[in-house]
Amino acid sequence: MPGLAECQSLLRLLIARGDPKAIPLAKGAIDQYLNTAPVSARGRGLRVLQRDALDQHDVAVGVQRSFAETVDAYIACKLAEE
């Protein structure tokens, strides 16, 4: 899926850093993925990103955990729109 790997890598990095100021960057990466992915692949790609964020959430602490929750919530909203 176009852009999925890049988006996933960036989200992993941002979650690991846990900087709340980077939330707009994470949302922008997700939006960019949605804008470039074929319509038929968007839902599947979002679920991959969401699963990855939840996996990171399970091993994260503090701000990283909160960041992962924010990413998960944003992806859930985007899935609801699909």
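In case you missed it, the structure is sitting above this.
Residues numbered from 1 in each chain as written. Predicted model: local features only at pLDDT ≥ 70, side-chain atom pairs only at ≥ 80, totals over all residues. Heavy atoms only, no water.

## Focus on the packing of helix α2 (residues 23–36) against helix α3 (residues 39–59)
Here's step 1: Relative to each other, α2 and α3 sit at 155°, their axes nearing to 9 Å. With respect to α3, the element α2 is oriented roughly antiparallel. The chirality of how α2 crosses α3 is right-handed. Taken together, the residues of α3 that come into contact with α2 (itself represented by I30, Y33 and L34) are A41, R42, G45, L46 and L49.
Here's step 2: The residue inventory of the contact of α2 with α3, partitioned by class, reads six nonpolar, one polar and one charged. (Axes fitted to C-alpha atoms, helices over the stretch in contact; angles between N-to-C directions. Helix = DSSP H or I, 4+ residues; strand = E, 2+ residues; numbered from the N terminus. Parallel < 35°, antiparallel > 145°, perpendicular 65-115°, else oblique. Left-handed = near helix turned anticlockwise from the far one by under 90°. Contact = heavy atoms within 4.5 Å. Nonpolar A, V, L, I, M, F, W, Y, C, P; charged D, E, K, R; others polar.)

## Thoughts on the pattern of salt bridges
Here's step 1: Tallied over the full model, the rule gives four salt bridges.
Here's step 2: The salt bridge involving R12 is made with D52; its shortest N-O contact spans 2.8 Å. Highlighted residues: R12 in helix α1 (residues 4–17) and D52 in helix α3, separated in sequence by 40 residues.
Here's step 3: D52 sits in the buried class, given a relative accessible area of 12%.
Here's step 4: When salt bridges that share partners are traced, they join D31, K78 and E81 into one network. (Salt bridge = Lys/Arg side-chain N within 4 Å of Asp/Glu carboxyl O. Buried < 20%, exposed > 50% of the residue type's maximum accessible area, 1.4 Å probe, protein only.)

## A short note on the nonpolar core
Note on soluble globular proteins: their nonpolar side chains tend to be buried together.
Here's step 1: Of all hydrophobic cores here, the largest spans 21 residues; its most connected members are C7, L11, I30, Y33, L49, F67 and V71.
Here's step 2: Aside from chain neighbours lying at most four places away, what touches F67 is L14, I15, G18, D19, A22, I23 and A26. (Core = buried A, V, L, I, M, F, W, Y, C linked by side-chain atoms within 4.5 Å.)

## A closer look at α2
Here's step 1: Compared with an ideal rise of 1.5 Å per residue, which puts 14 residues at 20 Å, α2 spans 20 Å between its outermost C-alpha atoms and is within 8% of the ideal.
Here's step 2: Those residues of α2 lying buried are A26, A29, I30, Y33 and L34. Along the axis of α2, the buried residues cluster in a sector spanning 135°; they form a single face. Those residues of α2 that are exposed and angled more than 90 degrees off the buried face are P24, Q32 and N35.
Here's step 3: If you follow the buried residues of α2, they end up packed against α1, α3 and α4 (62–81). (Expected span 1.5 Å × (residues − 1). Arc of directions from axis to C-beta.)

Purely geometric numbers; function is a separate question.
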